[in-house]
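Working through the structure, step by step
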Amino acid sequence: QPDEVGSMEAQNRLKYIFRLFVRSIATPARPLVLFMDDLQWADSVSLDLIESLITDGENKSLLFVGAYRENEVSQSHHLSSMIHKIERKSIPIIKIEVGDLSKEDTNELISDMIQTPAGQTRSLTDVVYRKTSGNVLFVLQFLWSLCDEYLLFFSLSSNQWLWNTAMIESKGVAHNVIELMSCKILQLSGESQNALKLMACLGSFCEEAILNLITGSDGMIALNEDYVSNAPQGLNCGHLDLFEALGFAVKKGLMIHIDSNYKFTHDQIQLACYSLIPENMRGRWHLWIGNRVWANRAASPEKALFIAVGQLNKGVMFLHSTDQRIELARLNLEAGKKSMSLAAFAPAAYYLETGIGLLHENSWSDHYDLCLRL
């Protein structure tokens, strides 16, 4: 039985063990390149762990590449602090600013995509670039929309790609990627829209094991059962074959399916799907998902705990029963204790504080033990 240690010592042990692990797989004969995207969303504990790897003087065979959105990282952001700490230790950092594509780059991209000489695609590039300003995701999704509307198509008779420049020029364009993606998603079937909205509530990616907790063993959501009254508005559509709908989203390029994970191809697509849920209804979606996951938790108890608590906390404004709020406080206590056992102290603090916030004025007399433990 290992000795119990304080929070700081537990974190230091984790950093030390992780450093040893990376040293064992990153050698001069087989150097390691570690790439991490969207660092602007990383929590402070994760950034501390990354910093410990980068500043490990014993490891000369690791190249770390990180990507983040500069407009979402202020000087007070944890990531900015991490970068300053690394620079103060005289560890070289190469900064590369990645902006939008130039018109020439956009033309090369379009030429490569439709396998047409660059000199012949300039008329298409001119109009696409004017409407997208070279934003990569915007360019790709705009081209998809042109194909969907047969403004860009492959001619079997001439054996080449053709387009109608005048019609594309007159085509209305969304003001941003989210608006463009929302319009595209609204053209899908109701089942596909509901599946994408549900996925958006879960985050940018989700394991099949978690989706199975929502659907049950047959992959179906049968919304005509006795819990239909608790289902979110817009999801009451009889039966939803979640995996079939997600498979269709994969074919449309909105999601990718790797191993046992479904993932949005871009976080802006997730935001577009989430934006289609009215703000005053999002809490109901989260609450419904959380209840479904927790009801089917037997298949994967630990994963179900964190997913269910995270979803239920986002739908807490729709919990009006005192008993329901107390039960959610208990779940937050359980999630907090589990997080502490994993040395994840920042999430643990969040769960415990959320649990405390769910208590009412008589909780100390009615639920003394729960209040004390929180």
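Calculation notes
- Residues numbered from 1 in each chain as written.
- Predicted model: local features only at pLDDT ≥ 70, side-chain atom pairs only at ≥ 80, totals over all residues.
- Heavy atoms only, no water.
- Helix = DSSP H or I, 4+ residues; strand = E, 2+ residues; numbered from the N terminus.
- Contact = heavy atoms within 4.5 Å.
- Areas by Shrake-Rupley, 256 points an atom, 1.4 Å probe, with all protein chains shown as cover.
- Buried < 20%, exposed > 50% of the residue type's maximum accessible area, 1.4 Å probe, protein only.
- Arc of directions from axis to C-beta.
- Expected span 1.5 Å × (residues − 1).
- Pairing = 2+ DSSP bridges.
- Axes fitted to C-alpha atoms, helices over the stretch in contact; angles between N-to-C directions.
- pLDDT = per-residue confidence, 0-100.
- Core = buried A, V, L, I, M, F, W, Y, C linked by side-chain atoms within 4.5 Å.
- Polar contact = N/O pair within 3.5 Å; in protein donor to acceptor, adjacent residues only side chain to side chain.
- Phe/Tyr/Trp six-rings, centres within 6.5 Å; stacked < 30°, edge-to-face > 60°.

1. Here we look at the overall build of the chain
From N to C terminus, the chain includes 18 helices and nine strands. Taking the principal axes of its C-alpha atoms as reference, the chain extends roughly 80 × 60 × 35 Å. Contacts in the chain between residues far apart in sequence, at least 24 positions, make up 64% of those at least 6 positions apart. Of the roughly 21,000 Å² of accessible surface on the chain, a fraction of 53% belongs to carbon and sulfur atoms.

2. Some thoughts on helix α4 (residues 103-113)
Listed in full, the buried residues belonging to α4 are Thr106, Asn107, Ile110 and Ser111. With its buried residues spanning 135° around the axis, α4 presents them on a single face. Looking at the buried residues of α4, the elements they touch are α5 (122-132) and α6 (136-148). Of the residues one or two after α4, glutamine 115 is the one with positive phi, at around 50°.

3. Focus on helix α13 (residues 279-295)
Given a rise of 1.5 Å per residue, 17 residues ought to cover 24 Å, and the 25 Å separating the end C-alpha atoms of α13 matches this to within 8%. The element α13 is extensively covered by neighbouring structure, given that twelve of its 17 residues are classed as buried. Buried within α13 we find Met281, Arg282, Gly283, Trp285, His286, Leu287, Trp288, Ile289, Gly290, Arg292, Val293 and Trp294.

4. Observations regarding the environment of glutamate 72
By the element assignment, glutamate 72 lies in the loop between β2 (62-66) and α3 (78-88). The exposure class of glutamate 72 is partly exposed, given its relative accessible area of 35%. Residues glutamate 72 and tryptophan 41, spaced 31 residues apart in sequence, show a C-alpha to C-alpha distance of 9.0 Å. Excluding its chain neighbours within four sequence positions, the residues that come into contact with glutamate 72 are Gln40, Trp41 and His77.

5. A look at the sheet that holds strand β5 (residues 205-207)
Strand order in the open sheet formed by three strands is β5-β9-β8, and the pairing between neighbours is antiparallel. Two strands close off the open sheet at either side, each with one partner strand: β5 and β8 (255-258). Strand-to-strand, the axes of this sheet are offset by a mean angle of 15°, without reference to chain direction. As judged from the four bridges shared by β8 and strand β9 (residues 261-264), these two strands associate in the antiparallel manner. Looking across to β9, one finds that isoleucine 256 is bridged to lysine 263.

6. Details of the confidence of the model for the chain
Averaged over all residues, the pLDDT of the chain equals 86, while 90% of them reach at least 70. Residue range residues 222-229 is modelled with pLDDT below 50. Its contacts to residues more than four positions away, or to other chains, number 15 contacts.

7. Quick look at the nonpolar core
For soluble globular proteins, nonpolar side chains are generally found buried alongside one another. Of all hydrophobic cores here, the largest spans 59 residues; its most connected members are Leu196, Met199, Leu211, Leu254 and Met255. In this view, leucine 211 contacts Met199, Leu202, Cys206, Leu242, Phe243, Leu246 and Tyr262; residues no more than four positions away in its chain are not counted. Ile110, Val139, Leu143 and Leu151 belong to the second largest nonpolar core, which has 13 residues in total.

8. Here we look at the side chain of threonine 116
Within the secondary structure layout, threonine 116 lies in the loop between α4 and α5. Reaching out from threonine 116, the side chain makes a polar contact with the backbone oxygen of isoleucine 114 at a distance of 3.0 Å. Once residues lying within four places of it in the same chain are set aside, the contact partners of threonine 116 are Ser111, Thr121 and Trp161.

9. Quick look at the packing of aromatic side chains
Counted according to the given criterion, the structure contains six aromatic pairs. Relative to tyrosine 262, the ring of phenylalanine 243 lies with its centre 6.2 Å away and its plane at 40°, an arrangement referred to as tilted. Taken together, the positions of phenylalanine 243 in helix α11 (residues 242-251) and tyrosine 262 in strand β9 put the pair 19 residues apart, joining distant regions of the chain. Per residue, the accessibility class of phenylalanine 243 equals that of tyrosine 262, and both read buried. For the pair phenylalanine 306 and tyrosine 351, a centre-to-centre distance of 6.0 Å together with 40° between the ring planes defines the contact as tilted.

10. Regarding unusual backbone geometry
The phi dihedral of serine 133 is positive, around 60°, even though this residue is not glycine. With respect to the helices and strands, the residue serine 133 is situated in the loop between α5 and α6. The phi dihedral of aspartate 259 is positive, around 55°, even though this residue is not glycine.

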